[in-house]
Amino acid sequence: MHAGAAEHPILEFLDDVDVEIELIEGEAAEVAEELVKEAAAGETVVWLADPSGDDQPIVLALGELLTNASADAPDVELELLPGSYDLPGARMLDLVAVMDRLRSPGGCPWDRQQTHQSLVKYLLEEAYETVETIEDGDFETPGEGRDALREELGDVLLQVAFHSRIAQEHEDDPFTIDDVAQGIVTKLIRRHPHVFGDGTAGTSSDVEANWERIKAEEKGRSSVVEGVPLAQPALSLAEKLFKRARNAGIDVTVPQLPQGFRQSVDIRDGAEKEQVGRLLLAVVGLARELGVDPEEALRGAARGLREEILNLEASR
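Residues numbered from 1 in each chain as written. Predicted model: local features only at pLDDT ≥ 70, side-chain atom pairs only at ≥ 80, totals over all residues. Heavy atoms only, no water.

Caption draft 1: Summary view of a nonpolar patch on the surface. There is a patch of nonpolar side chains on the surface, built from I184, V185, L188, I189, V195 and F196 and spanning about 530 Å² of accessible area. With four residues, the single largest contributor to the nonpolar patch is helix α7 (residues 177-190). Here I189 is to be found in helix α7. (Patch = residues over 30% accessible without salt bridge, like charges linked within 9 Å, V, L, I, M, F, W, Y side chains within 5 Å. Areas by Shrake-Rupley, 256 points an atom, 1.4 Å probe, with all protein chains shown as cover. Salt bridge = Lys/Arg side-chain N within 4 Å of Asp/Glu carboxyl O. Helix = DSSP H or I, 4+ residues; strand = E, 2+ residues; numbered from the N terminus.)

Caption draft 2: Just the pattern of salt bridges, in detail. Taken as a whole, this structure holds 13 salt bridges when the rule is applied. The partner of R91 in a salt bridge is D94, with the nearest N and O atoms 3.4 Å apart. Of the two residues, R91 and D94 both sit in helix α3 (residues 90-103), three residues apart, roughly one turn of that helix. Judged by its relative accessible area of 54%, R91 is exposed. Residue R213 pairs with E217 through a salt bridge whose shortest N-O separation is 3.3 Å. Taken as a pair, R213 and E217 lie in helix α9 (residues 204-219) at a separation of four residues, close to a single helical turn. (Buried < 20%, exposed > 50% of the residue type's maximum accessible area, 1.4 Å probe, protein only.)

Caption draft 3: Layout of the packing of helix α1 (residues 28-40) against helix α2 (residues 56-67). Contact geometry of α1 with α2 gives a least axis separation of 8 Å together with a crossing angle of 55°. Judged by the angle between their axes, α1 and α2 are oblique. Between α1 and α2 lies a crossing of right-handed hand. Side by side, α1 and α2 meet where A28, A29, V31, A32, E33, L35 and V36 of the first sit next to P57, I58, A61, L62, L65 and L66 of the second. A class-by-class count of the residues in the contact of α1 with α2 yields 12 nonpolar, no polar and one charged. (Axes fitted to C-alpha atoms, helices over the stretch in contact; angles between N-to-C directions. Parallel < 35°, antiparallel > 145°, perpendicular 65-115°, else oblique. Left-handed = near helix turned anticlockwise from the far one by under 90°. Contact = heavy atoms within 4.5 Å. Nonpolar A, V, L, I, M, F, W, Y, C, P; charged D, E, K, R; others polar.)

Interpretation note: all reported values are geometric properties and have no functional meaning in isolation.
Structure follows, in structure tokens:
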């Protein structure tokens, strides 16, 4: 790989890459002849064009040299590849720069006064809005649906960048968005041994079971219910507890459905989802008639399920 000057703006980004950069300076015709000579020897020769265009004469000299070559001249092919600084993820650097500006002196007064605690409600709101966009919008078809999804994902990403920027300002234990990204990269590699190691996982269920097992080992957990946040919505809490118990092979008590309901569920064309939804809606309606808070009632039942799992684990 060659460049025309040590000050070439791309070179600093190649410091950590195992690529040898050779500088070739001189008149355009001389540089062109040297490049063609190396290519004729069977090497793949790369010339890093200067974004300023100062080395345009070299490009012209190469074209002229190859166009006017004699019949016995070496067979060399010239290919022009447009380059870009914007590798995948490059816009993340712009987001980091904007957050730095907003949180720095002279930035935005509102952004500067935010804390992890004050941003919690926005993190929840943006997550729920993203879910709603996926459920309601036509996000697979180019147009408003995909535009809306892209915007909502950006809002969620903003929360990650915001919290990371605040964490960076901690006096005793700062961390940056790079540390956040590195943490999740390390976790993904560690918990996918069937991809990055010599582990095996033939099905999605195998992957989930491996994930929970590795996670428990990492955190030194003694129970499958550890790490299940009790503050989450009651319905997702109950589902998570059932899932953890199933993956661990724990046979918990499942409340019985109304007589004959399971046999009446139509499992064709996704109708079961609609019928289960109507059943849950009916339970909410019944709770209102009885003056019972359905969220509180289900949360209490979910806590009972959690205790049952703990007791079953202890009796093993």
